[in-house]
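Residues per chain are reported as follows:
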Amino acid sequence: MNARELALKTLYDVFYKDAYSNLALKKTLSSNNALSAADKSLMTNLVYGVVSRHFTLEYVIGRYSKLKLKKISDYIKLILEMGIYQLMYTDRIPAHAAVNESVLLAKKYGRPGTDRFVNGVLRAFCRDGCAVTYPQTGTDRLAVRYSFSTEMTRLFQDNFGDERAERIMDALNDAPPLILRANILKNSAEELIKMLEDAGIKSELIGGALIRAEGFDVGGSDIYRSGRFSVQDQGAYNAALVLDPEPGCSVLDMCAAPGGKSAHAAELMGDRGSISAYDIHPHKIELIEETARRLGLHSITAGLSDAAVYNDALAGRFDRVLCDVPCSGLGIIRRKPDIKLGRNDISGLYDLQRRILDNGAEYAKPGGKLVYSTCTINKAENEGITGGFLERHGNFEKTYEKTFYPDTDGTDGFYVCRLEKIQ
């Protein structure tokens with residue numbers, strides 16, 4: 001199979017077998033080692049691009065197809081989405097190649113005559129200059145232009161108003177930068193920049209222990225394997241900073257996997273003290289332990305625990321408690337485009353988030369600090385949860401609160417709030 005056919009098969013697993021695009025892509029690439037670097041790049045671009053622009057691509061198909069979307073077979077619809085994506089969003093693929101390769105796929109995956117249908121749709125789009133006439137007003141315009149579901153678009157509008165919603169949605173379609181957090185127990189950020197430079201990787205300091213690097217194979221890097229840095233966006237970087245762990249203190253990370261924030265806390269503490277890093281999923285405990293081993297950290301102990309179920313054995317034991325709760329992930333769409341597909345019921349998260357935060361409050365010592373964080377910009381999951389918490393818990397006060405936004409801060413969307421337990 002060539003790169004386009006492998007992309008098609010991967011997309012079929014994403015859209016019709018509920019696979020995650022990153023995992024499905026990794027599986028396909030690992031089983032097709034003979035692919036050239038260029039083919040791997042093309043395949044990756046097609047998979048993530050079609051997932052990210054799915055609603056726009058469907059809209060274009062609807063305008064140029066004489067068949068209704070629901071009458072088009074699954075594979076043919078994906079072939080059309082791949083073809084239109086290449087015509088709209090890539091610069092280096094000639095239009096004739098995008099059309100011809102799509103037609104060849106249609107011959108293999110469609111009924112007789114389907115190739116002519118695909119050819120007709122794509123060539124008609126080409127005749128119009130591959131330009132899209134978007135809806136002119138309201139929710140439909142934003143949803144189609146920036147490729148979000150109607151429900152998600154309305155959520156952004158309700159949270160921010162039309163103009164700000166548009167800026168945020170536009171920013172969430174940008175390619176995210178690669179941000180590295182230097183392991184300050186092994187090297188400074190400046191020293192890390194020099195190591196990367198020696199390895200032929202360009203990078204620049206952006207503040208604190210963070211640097212921005214040009215894309216490279218992180219997992220294949222000896223610098224990474226030796227524990228010199230972690231990958232962490234600027235928004236998430238602030239969770240451990242706001243937690244403010246001090247050497248010798250006891251820390252509880254209630255939803256810790258894969259361990260990045262626990263590791264950052266350990267580094268800030270000089271690896272002196274204790275960090276209990278818990279997660280509900282047994283297979284993720286090993287990820288936390290591997291993170292600690294790679295970074296050379298000894299203060300982290302990983303354990304299995306359901307953060308939503310109160311554990312009396314943890315009551316009043318910790319100087320610092322981090323509740324980085326499960327959330328809708330609306331702030332990290334540029335890294336996880338599957339979130340756009342709207343498979344999760346956001347409203348079903350609110351009760352879970354409340355229970356985790358309420359439990360965290362019981363685990364903090366008097367005078368302790370409790371940090372609530374999410375990678376979403378949905379106010380109901382952020383200010384709504386912490387505001388309700390303060391109404392229920394008169395023995396806490398809010399001492400820090402900030403939401404990081406992709407349009408204004410250039411980061412992933414991220415919320416962090418520090419609540420201090422009154423003595």
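A quick note: this is a predicted structure, and the numbers were derived from the prediction, not measured.

Chemist: For this particular structure, what's the right way to read the pattern of salt bridges?
Modeler: Scanning the entire structure with this criterion turns up 25 salt bridges. The residue E5 makes a salt bridge to K108 at a minimum N-O spacing of 2.8 Å. Here E5, found in helix α1 (residues 3-16), pairs with K108, found in helix α6 (residues 95-109); they are 103 residues apart in sequence, far enough to count as distant. You can call E5 buried: its relative accessible area is 7%. Overall, K108 belongs to the exposed group, its relative accessible area being 56%. Linking D198 and K194 is a salt bridge whose minimum nitrogen-to-oxygen distance equals 2.9 Å. With D198 and K194 both in helix α10 (residues 189-198) and four residues apart, the pair spans about one turn of that helix. Connected through salt bridges with shared partners, the residues D233, R334, R335 and D412 form a single ionic network.

Chemist: I'm lost on the sheet that holds strand β2 (residues 203-207) in this one. Help?
Modeler: Two strands in a sheet stick together by hydrogen bonds in their backbones, pointing the same way (parallel) or opposite ways (antiparallel). Strand order in the open sheet made by the four strands is β2-β3-β1-β4, with antiparallel pairing throughout. One side of each edge strand has no neighbouring strand; the edge strands of this open sheet are β2 and β4 (229-231). Taken over all neighbouring pairs, the strand axes of this sheet differ in orientation by 35° on average, direction set aside. Examined bridge by bridge, strand β1 (residues 178-182) and strand β3 (residues 210-213) share four bridges and lie antiparallel to one another. Of the residues in β3, the one forming a bridge with I179 is R212.

How each quantity is defined
- Residues numbered from 1 in each chain as written.
- Predicted model: local features only at pLDDT ≥ 70, side-chain atom pairs only at ≥ 80, totals over all residues.
- Heavy atoms only, no water.
- Salt bridge = Lys/Arg side-chain N within 4 Å of Asp/Glu carboxyl O.
- Helix = DSSP H or I, 4+ residues; strand = E, 2+ residues; numbered from the N terminus.
- Buried < 20%, exposed > 50% of the residue type's maximum accessible area, 1.4 Å probe, protein only.
- Pairing = 2+ DSSP bridges.
- Axes fitted to C-alpha atoms, helices over the stretch in contact; angles between N-to-C directions.

These figures capture arrangement, not role.
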